[in-house]
Amino acid sequence: MIDVHCHLQFHKFENDYDTVIKDALTSGITKIINTGTSIESSKKGVELAGKYRELYAIVGIHPHHADKLEEGWLKELEALTQHPKVLGIGEVGMDYFSYQSNGIVDPQIQKEVFIQQIELAHKAKLPLQIHNRHAGADIIKILQEHKGLLQDIPGMFHCFAGDMDILKAALEMGFYIGFDGNITYKGLAPGEATTLKDLATYTPLDRILVETDSPYLTPIPHRGKRNEPKYAIITAEFIANLKNLSFEALVEQTDKNVYNVFSKLKG
Ligand code: NI
């Protein structure tokens, strides 16, 4: 099975990414997609993809870094999209959650950087991998206003969160929906009104993607430790259970979904 969103280029894996990758591959993970959040981490993700046959990259600026961009960033990003193992633009989007380290980046700057990357995805003919935290309604609005720039399969919402209206709007526009280890957590995440379990139950099987967001969002029973791509298996088992399917049947379909969204990915 494929982990469609993680960050093995982050400093938490600096000393043992090779072990983590090999461990994932022997556990049954067949491909790993590392997503960038800045120019630097996007470049590192592409470098890693060059080192391992099973690794791929998605490049982009996370809304958190939207106010820290240096001149020429868009050209640098565009150059990365030419790499054969760069599958999409992400993680891009909007984030209204106030983080201790960072607060909230000016929403107008977030929006401008998001739109510039929607335009880049159009130019490069690549799908989007979207980050949303407490900004679902604005993201849907921006996407709808730029509908003409989206690919036939426009991309995916990574680590989906929000309410049923946001989910329905995303599905309606053709987006696929990623779920992570936090689906195994009990109750509601702060500021959310709908459980991930309910959202995944509603999402049609042919639109579901499984991801880890490593090093974050470690599923139970490993919660509290660093997340790794091999734990995508736990999330897949959890969703298979929700959908009354065998693990194998779930993974067969979700892998198919990955190839539908990321057409540059070759078997
Ligand atoms: Ni992430």
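Owing to the predicted nature of the structure, the values given are computational and were not obtained by experimental measurement.

A.B. asks: Mind showing me how you'd approach the overall build of the chain here?
C.D. replies: From N to C terminus, the chain includes nine helices and eight strands. For the chain, the spread of C-alpha atoms along the principal axes amounts to about 45 × 40 × 40 Å. Per-residue burial for the chain yields a buried fraction of 54% across its 267 residues. Counting only contacts in the chain whose residues sit at least 6 apart along the sequence, the fraction spanning at least 24 positions is 74%. Here the chain has roughly 11,900 Å² of accessible surface; of this, 50% comes from carbon and sulfur atoms. Between the mean site of the 28 positive side-chain charges and the mean site of the 35 negative ones, the chain shows a separation of 3 Å.

A.B. asks: Mind showing me how you'd approach the coordination of the nickel ion here?
C.D. replies: Tetrahedral metal sites with four donors have an ideal angle of 109.5 degrees; octahedral sites with six donors have ideal angles of 90 or 180 degrees. Around the nickel ion, the protein supplies His-5 (NE2), His-7 (NE2), Glu-91 (OE) and Asp-213 (OD) as donor atoms, at distances of 2.1 to 2.4 Å. The site at the nickel ion holds four donor atoms, and with the angles between them running 86 to 174°, its shape is irregular. Read in sequence order, the donor residues for the nickel ion give the motif H-x1-H-x83-E-x121-D. Placement of the pair is His-7 in the loop between strand 1 (2-6) and helix 1 (17-27) and Glu-91 in strand 4 (residues 86-95), with a sequence separation of 84 residues. Glu-91 carries the same exposure label as His-7, and that label is buried.

A.B. asks: It is not clear to me how the sheet that holds strand 6 (residues 155-157) should be interpreted in this structure. Could you clarify?
C.D. replies: Either a parallel or an antiparallel arrangement is found when strands of a sheet pair, and the pairing is made through backbone hydrogen bonds. What the eight strands build is an open sheet, ordered 1-2-3-4-5-6-7-8; its pairing is parallel. Two strands lie at the open edges of the sheet, namely strand 1 and strand 8 (208-210), each paired on one side alone. Taken over all neighbouring pairs, the strand axes of this sheet differ in orientation by 30° on average, direction set aside. Bridging between strand 1 and strand 2 (residues 31-35) involves three bridges; their strand directions are parallel. Looking across to strand 2, one finds that Asp-3 is bridged to Ile-32. Its contacts with the sheet put helix 2 (residues 39-51) on strand 2, strand 3 (55-59) and strand 4, and the angle it makes with strand 3 is roughly 160°.

A.B. asks: I keep staring at the pattern of salt bridges and nothing clicks. Help me out?
C.D. replies: If the charged atoms of two oppositely charged side chains come close together, the side chains can form a pair. If you walk through the whole model with that rule in mind, you get twelve salt bridges. A salt bridge links Lys-68 to Asp-67; its shortest N-O distance comes to 2.9 Å. The exposure class of Lys-68 is partly exposed, given its relative accessible area of 45%. Judged by relative accessible area, Asp-67 falls into the partly exposed class, the value being 42%. Through salt bridges that share partners, Asp-16, Asp-23, Arg-226, Glu-228 and Lys-230 make up one connected network.

A.B. asks: Sorry, what's going on with the side chain of Thr-35 here?
C.D. replies: With respect to the secondary-structure elements, Thr-35 resides in strand 2. Judged by relative accessible area, which is 0%, Thr-35 ranks as buried. A distance of 3.4 Å separates a polar atom in the side chain of Thr-35 from a polar atom in the side chain of His-5.

A.B. asks: Looking at this structure, I do not really get the nonpolar core. What am I missing?
C.D. replies: For soluble globular proteins, nonpolar side chains are generally found buried alongside one another. Phe-114, Leu-128, Leu-143, Phe-157 and Phe-179 are the most contacted members of the largest nonpolar core, which has 66 residues in total. Among the elements that make up this core, the one with the highest residue count is helix 4 (residues 107-124) (six residues). If we ignore the near neighbours within four places in the chain, the residues touching Phe-114 are Val-92, Gly-93, Met-94, Ile-130, Ile-139, Ile-142 and Leu-143. With 13 residues, the next largest nonpolar core counts Ile-33, Tyr-56, Val-258 and Val-261 among its residues.

Parameters at a glance
- Residues numbered from 1 in each chain as written.
- Predicted model: local features only at pLDDT ≥ 70, side-chain atom pairs only at ≥ 80, totals over all residues.
- Heavy atoms only, no water.
- Helix = DSSP H or I, 4+ residues; strand = E, 2+ residues; numbered from the N terminus.
- Buried < 20%, exposed > 50% of the residue type's maximum accessible area, 1.4 Å probe, protein only.
- Contact = heavy atoms within 4.5 Å.
- Areas by Shrake-Rupley, 256 points an atom, 1.4 Å probe, with all protein chains shown as cover.
- Lys, Arg positive; Asp, Glu negative; His and termini not counted.
- Charge placed at Lys NZ, Arg CZ, Asp CG, Glu CD.
- Donors = N, O, S within 2.8 Å, 3.2 Å for Na, K, Ca; no water.
- Tetrahedral: all angles 85-135°; square planar, octahedral: opposite > 155°, others 65-115°.
- Pairing = 2+ DSSP bridges.
- Axes fitted to C-alpha atoms, helices over the stretch in contact; angles between N-to-C directions.
- Salt bridge = Lys/Arg side-chain N within 4 Å of Asp/Glu carboxyl O.
- Polar contact = N/O pair within 3.5 Å; in protein donor to acceptor, adjacent residues only side chain to side chain.
- Core = buried A, V, L, I, M, F, W, Y, C linked by side-chain atoms within 4.5 Å.

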